Amino acid sequence: EAQVTQNPRYLITVTGKKLTVTCSQNMNHEYMSWYRQDPGLGLRQIYYSMNVEVTDKGDVPEGYKVSRKEKRNFPLILESPSPNQTSLYFCASTGGGSPLHFGNGTRLTVT
Amino acid sequence: QKEVEQNSGPLSVPEGAIASLNCTYSDRGSQSFFWYRQYSGKSPELIMFIYSNGDKEDGRFTAQLNKASQYVSLLIRDSQPSDSATYLCASMPAGTYKYIFGTGTRLKVLA
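A brief look at the structure comes next. (Residues numbered from 1 in each chain as written. Chains lettered and ligands numbered in written order. Predicted model: local features only at pLDDT ≥ 70, side-chain atom pairs only at ≥ 80, totals over all residues. Heavy atoms only, no water.)

## Here's the deal with the overall build of chain B
Here's step 1: Within chain B one finds zero helices and eleven strands.
Here's step 2: For chain B, the α and β elements follow one another from N to C terminus as β-β-β-β-β-β-β-β-β-β-β.
Here's step 3: Taking 2.2 N^0.38 as the reference for a compact globule, 111 residues should give roughly 13 Å; the C-alpha atoms of chain B span a radius of gyration of 13 Å, in line with that estimate.
Here's step 4: Taken along its principal axes, the extent of the C-alpha atoms in chain B is 40 × 30 × 20 Å.
Here's step 5: When the 111 residues of chain B are sorted by exposure, 44% land in the buried category.
Here's step 6: Across chain B, every contact between residues at least 6 apart in sequence was considered, and the portion connecting residues at least 24 apart equals 54%.
Here's step 7: Accessible surface, chain B as shown: approximately 5300 Å² in total, 48% of it carbon and sulfur.
Here's step 8: Distance between charge centres in chain B, computed from 11 positive and 10 negative side chains, equals 5 Å. (Helix = DSSP H or I, 4+ residues; strand = E, 2+ residues; numbered from the N terminus. Rg over C-alpha atoms; globule rule 2.2 N^0.38 Å. Buried < 20%, exposed > 50% of the residue type's maximum accessible area, 1.4 Å probe, protein only. Contact = heavy atoms within 4.5 Å. Areas by Shrake-Rupley, 256 points an atom, 1.4 Å probe, with all protein chains shown as cover. Lys, Arg positive; Asp, Glu negative; His and termini not counted. Charge placed at Lys NZ, Arg CZ, Asp CG, Glu CD.)

Printed below as a string of structure tokens:
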């Protein structure tokens, strides 16, 4: 089954404790992206990647890092999380003319 | 700044009626347009995409695109309570995978 898999689905952490949210797709898509979604603000792009070792900032990159060492994986790293990063996060991928496919989301709470 | 605008709603329609959701976009270079449905706390799922001026029908859903007016709409016929969700409009400029999302319109179908 074609899918984008994010883990974990829920995460509660404390300020400053480094965390990684994993994202993996099995559709051989070139493009992968991370979004955060907050009430009233819609989906905002954090980082995206056009292919392996090619990443770029989206609209709200501050406080986040990403890497793309393999085509299928695109982890999101928060090196020192803060409460304003409490949000619902989505990973998505696309390629070959297909629409954007979303993962199931990660609800992050930073206390 | 390139934008996609939607009325946040809620748009309330009685069961069985036609729901009309609208979206405008600012980037004339946008070539592809997408409608996603999102239930609360869930990931967006693709409903329709449209590339050409005019109408595109798929079951109870019709997408309409007017590039001259920079306007995209989604009609849902015979609305059901299960259609109650937030509908996200997105555009994608030619030659990129840079989706631009609106903030969504919340639809409520009243039984």
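Okay, back to it.
## Considering the sheet that holds strand 3 (residues 19-25) of chain A
Residue and element names in this part refer to chain A.
Here's step 1: An order of 1-3-8-7 is seen for the four strands of this open sheet, with the pairing classed as antiparallel. Strand pairing shows two members of the sheet lacking a second neighbour, strand 1 (4-7) and strand 7 (65-66), which therefore form its edges.
Here's step 2: Of the pairings in the sheet, the one linking strand 1 to strand 3 comprises four bridges and is antiparallel in character. Bridge pairing links Thr 5 to Ser 24 in strand 3. (Pairing = 2+ DSSP bridges.)

## Quick notes on the pattern of salt bridges
Here's step 1: On inspection of all chains with the given rule, the structure shows eight salt bridges over all chains.
Here's step 2: As a salt-bridge pair, Asp 59 of chain A and Lys 98 of chain B come within 3.9 Å of each other at their nearest N and O atoms. With Asp 59 of chain A in the loop between strand 6 (54-57) and strand 7 and Lys 98 of chain B in the loop between strand 9 (85-93) and strand 10 (100-101), this residue pair bridges two chains.
Here's step 3: Between Glu 45 of chain B and Arg 37 of chain B there is a salt bridge, with the nearest N and O atoms lying 3.3 Å from each other.
Here's step 4: Glu 45 of chain B sits in the partly exposed class, given a relative accessible area of 33%. (Salt bridge = Lys/Arg side-chain N within 4 Å of Asp/Glu carboxyl O.)

## Some words on the side chain of Gln 25 of chain A
All names here are of chain A.
Here's step 1: Looking at the secondary structure, you find Gln 25 in strand 3.
Here's step 2: Here Met 27 takes part through its backbone nitrogen, which lies 3.0 Å from a polar atom of the side chain of Gln 25.
Here's step 3: A polar contact is formed between the side chain of Gln 25 and the backbone oxygen of Lys 71, at a distance of 3.2 Å.
Here's step 4: Leaving out residues up to four positions away in the same chain, Gln 25 has contacts with Gln 3, Val 4, Met 32, Arg 68, Lys 71, Arg 72 and Ser 93. (Polar contact = N/O pair within 3.5 Å; in protein donor to acceptor, adjacent residues only side chain to side chain.)

## As for the state of the cysteines
Residues and elements named next belong to chain B.
Here's step 1: With the rule as written, the count across this model stands at two disulfides over all chains.
Here's step 2: Each sulfur in the disulfide pair Cys 23 and Cys 89 lies 2.0 Å from the other. Measuring the twist about the S-S bond at about -70°, one finds the Cys 23-Cys 89 disulfide to be left-handed. Of the two residues, Cys 23 is situated in strand 3 (residues 19-25) and Cys 89 in strand 9; the sequence distance between them amounts to 66 residues. Per residue, the accessibility class of Cys 23 equals that of Cys 89, and both read buried. (Disulfide = S-S within 2.5 Å.)

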